[in-house]
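Chain and residue survey
Here is what each chain is made of, one letter per residue.
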Amino acid sequence: MDSTVKKLASGAGILLSRAVQFTEEKLGHAEKTELDAHFENLMARADMTRHWTEKIMRQTEVLLQPNPGTRMEDFVYEKLEKKVPARQCNVELLGQFMTDAGNEFGSSTPYGKTLIKCGETQKLLGSAEKEFVQASMTSFLTPLRNYVEGDYKAIAKERRLLESKRLDLDACKTRLRKARASETKASAEPDFQDIRPRNFVLSASIAGLAASTAEGENNAALWAKEVTKAEQELRVAQLEFDRQAEVTRLLLEGLSSTHANHLRSLHEYVDAQVTYYAQCYQYTLDLQKQIGSTPTPLPAWPLHPNAPPSGTIPLAPTPVTADGTNVGPAGRRSARVLYDYDAGDSSELSLLADEVITVYSIPGLDSDWLMGERGNQRGKVPVTYLDLVKS
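Not measured: the values here are computed from a predicted model. (Residues numbered from 1 in each chain as written. Predicted model: local features only at pLDDT ≥ 70, side-chain atom pairs only at ≥ 80, totals over all residues. Heavy atoms only, no water.)

1. Focus: the pairing of strand β1 (residues 333-337)
To be explicit about the condition: For two strands to count as paired, DSSP must find a minimum of two bridges between them. Strands here are runs of E lasting at least two residues and helices are runs of H or I lasting at least four, both read from the DSSP assignment and numbered beginning at the N terminus.
Pairing of β1 with strand β2 (residues 356-360) involves four bridges; the strand directions are antiparallel. Each bridged residue has a counterpart across the sheet, and for arginine 336 the counterpart in β2 is valine 356. As paired strands, β1 and strand β5 (residues 386-388) are joined by three bridges and run antiparallel to one another. Following the sheet pairing, alanine 335 is matched in β5 by leucine 388.

2. With respect to the confidence of the model for the chain
The following threshold applies: In predicted models, pLDDT denotes the confidence assigned by the predictor to each residue on a 0 to 100 scale. Pairs of residues are marked as contacts when any of their non-hydrogen atoms sit within 4.5 Å.
Averaged over every residue, the pLDDT of the chain is 80; the share at 70 or more is 76%. pLDDT under 50 marks residues 192-207. Its contacts with residues more than four places away, or in other chains, come to seven contacts. For residues 294-322, every residue scores under 50 in pLDDT, and the model assigns this stretch 35 contacts once sequence neighbours within four places are set aside.

3. Digging into the pattern of salt bridges
Condition: Whenever Lys or Arg places a side-chain nitrogen within 4 Å of a carboxyl oxygen from Asp or Glu, that contact is recorded as a salt bridge.
For the coordinates displayed, the defined rule picks out 15 salt bridges. Here arginine 249 ties to aspartate 36 by a salt bridge, and the two come within 3.2 Å at their closest N and O atoms. Residue arginine 249 is located in helix α7 (residues 204-253), and its partner aspartate 36 is located in the loop between α1 (2-27) and α2 (37-64); the two are separated by 213 residues in the primary sequence. Bridged by salt links that share partners, the residues Arg58, Glu61 and Arg145 form one connected network.

4. Points about the packing of α2 against helix α5 (residues 110-187)
The following threshold applies: Throughout, an axis means a line fitted to C-alpha atoms (over the contacting stretch in the case of helices), and angles, computed between N-to-C directions, take values from 0 to 180 degrees. Any angle from 65 to 115 degrees is called roughly perpendicular, while one under 35 is roughly parallel, one over 145 is roughly antiparallel, and all others are oblique. Each helix crossing is assigned a hand: it is left-handed if the near helix lies turned anticlockwise from the far helix by less than a right angle, otherwise right-handed if that turn is clockwise. All amino acids are sorted into three groups, where Ala, Val, Leu, Ile, Met, Phe, Trp, Tyr, Cys and Pro are nonpolar, Asp, Glu, Lys and Arg are charged, and the leftover types, Gly among them, are polar.
Contact pair α2 / α5: the axes reach a minimum separation of 10 Å and the direction vectors enclose 150 degrees. Compared by their axis directions, α2 and α5 come out roughly antiparallel. Here α2 and α5 pass one another in a crossing that is left-handed. Class assignment for the residues of the contact of α2 with α5 results in 16 nonpolar, four polar and six charged.

5. Notes on helix α4 (residues 90-105)
Put simply, the test is: In a helix, the anticipated span is given by 1.5 Å times the number of residues less one.
For α4, with 16 residues, the first-to-last C-alpha span of 22 Å sits near the 22 Å given by 1.5 Å per residue. Immediately downstream of α4, the backbone of glycine 106 shows phi near 110 degrees, a positive value.

6. Observations regarding the packing of aromatic side chains
Operational definition: For Phe, Tyr and Trp, where Trp contributes only its six-membered ring, two rings pair if their centres lie within 6.5 Å, and the inter-plane angle classes them as stacked under 30 degrees, edge-to-face over 60, or tilted in between. Only protein chains enter the accessibility calculation, which uses a 1.4 Å probe. A residue is then buried if its area is under 20% of the maximum for its type, exposed if over 50%, and partly exposed in between. To sit over a ring, a charge needs its Lys NZ or Arg CZ within 6 Å of the ring centre and within 35 degrees of the ring normal.
Tallied over the full model, the rule gives nine aromatic pairs. Taken together, a centroid distance of 5.3 Å and an interplanar angle of 25 degrees make the contact between phenylalanine 105 and tyrosine 111 stacked. The exposure class of phenylalanine 105 is partly exposed, given its relative accessible area of 48%. A ring pair is formed by tyrosine 341 and tyrosine 385, whose centres lie 5.2 Å apart and whose planes are at 65 degrees; its orientation type is edge-to-face. Of the two residues, tyrosine 341 is situated in the loop between β1 and β2 and tyrosine 385 in the loop between β4 (377-382) and β5; the sequence distance between them amounts to 44 residues. For tyrosine 341, a relative accessible area of 14% corresponds to the buried category. Look at tyrosine 385 and you get partly exposed, because its relative accessible area is 24%. Lysine 380 extends its terminal NZ or CZ atom over the ring of tryptophan 369, reaching a point 5.2 Å from the ring centre.

7. Observations concerning α5
The following threshold applies: Throughout, the bend at a residue refers to the angle made by two axes, fitted to the seven residues ending there and to the seven starting there.
Over its 78 residues, α5 runs 110 Å from end to end, which matches the ideal 116 Å to within 8%, given 1.5 Å per residue. Roughly 45 degrees is the biggest bend found in α5, and it falls at leucine 141, with proline proline 143 one to four residues downstream.

8. Looking at the packing of α2 against helix α8 (residues 255-292)
Between α2 and α8, the shortest axis-to-axis distance is 12 Å and the interhelical angle comes to 20 degrees. Considering the angle they form, α2 stands roughly parallel to α8. Of the two possible hands of crossing, α2 and α8 adopt the one that is left-handed. Taking contact as the criterion, the partners of Leu42, Arg45, Ala46, Thr49, Thr53 and Leu63 in α2 are, on α8, Leu255, Ser256, His259, His262 and Tyr269.

9. Some words on the environment of arginine 87
In this structure, arginine 87 sits in the loop between α3 (68-79) and α4. The contact partners of arginine 87, leaving out residues within four places of it in the chain, are Thr70, Glu73, Asp74, Glu92 and Lys130.

10. Observations concerning unusual backbone geometry
One non-glycine residue with positive phi stands out, namely aspartate 354, at about 75 degrees. Tracing the sequence through the fold places aspartate 354 in the loop between β1 and β2. The exposed category is assigned to aspartate 354, whose relative accessible area is 56%.

11. Things to note about the sheet that holds β1
With antiparallel pairing, five strands are arranged side by side in an open sheet as β4-β3-β2-β1-β5. Both edges of this open sheet fall to β4 and β5, since each of them pairs with a single strand only. Averaged over all adjacent pairs, the angle separating strand axes in this sheet is 45 degrees, with direction ignored.

12. Remarks on a nonpolar patch on the surface
To keep things clear, this is the line we draw: To count toward a patch, a residue needs a relative accessible area over 30% and no salt bridge; like charges are then connected within 9 Å, while nonpolar side chains (Val, Leu, Ile, Met, Phe, Trp, Tyr) are connected within 5 Å. A 1.4 Å probe and the Shrake-Rupley method give the accessible areas. Residues count as covered only by the protein chains that appear here.
Among the surface-exposed residues, Leu263, Leu266, Val270 and Val274 lie close enough to one another that they form a single nonpolar patch of about 330 Å² accessible area. Of note, valine 274 is situated in helix α8. Judged by its relative accessible area of 53%, valine 274 is exposed.

Below is the structure:
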């Protein structure tokens, strides 16, 4: 019981001494032991590494799992050391909905068949995304998290301990300085025995002065002992501070290997990205080839907002070219382009001067325009830019 009380009292005394030293340093009343510039640079580098590593880690987590609720759920499972339940990603869910819709519309219909093909590809993309997320978590996120939650915490702990040892050292320096000042002051008091004249008869007051002088000598002896004790405490504090500074320095100098590990992890992350995007490109390219071969039925609604209702045959106006030549309502003819023309939108066809294209009219098209074809390209062309070739 007594030893416990003594330990508590000793600990409280140390904490109080550190608090006093810290306060006096902030007020400018006490000196502070400064670390060398190399040590300060190492600590600043550790803080900078922790800052940016944490930001990169958090943003990577958001990239790999945008849903904050799902991230929190995964975090809870990780802390409970339980396996995260299997769940479909957003791309896989989209693929499932497309497949179900395609089956509902009918797999024999062009739209239903295409939906099913798109759904299958989306599921493949979802599987590739899961593989990418898993690879990124293992090769990239885990090393970053190990540094933030492990290595840096160890460094921070040793730095706090170093700061405590530094406060103890400076407190010992302050006590020694004060003890020496008090010892000097006590030693400077005059000795009555040396200054009294010969044959001097002590009176009652002089006797009291002599007693005070004797007390001063005792105080000087006490302060000498206090100085010796303070010097011993200072040597111990200096030894502990140097030992803790060396431990902290070794941890801080290990940042070079940390950066090397993170560089290797970054290379692995980039490799995983290359693999993932290459898979996505191949899957979508295959899908494009598959649905490109699917015939697209003509729509049942009018192609032009001014087209007549279904069941009637419109009489389109006869367009006239720049030279006044009439173009038949449905005949296909060749035409030479007179001037360059840049298409105004996706429904028009760009033209180059002196090239020859095929033109024809369609119901509902304005009389100033014709439909033009160049190879597999088709679009509206202005009549005034054309010169019909004589057939």
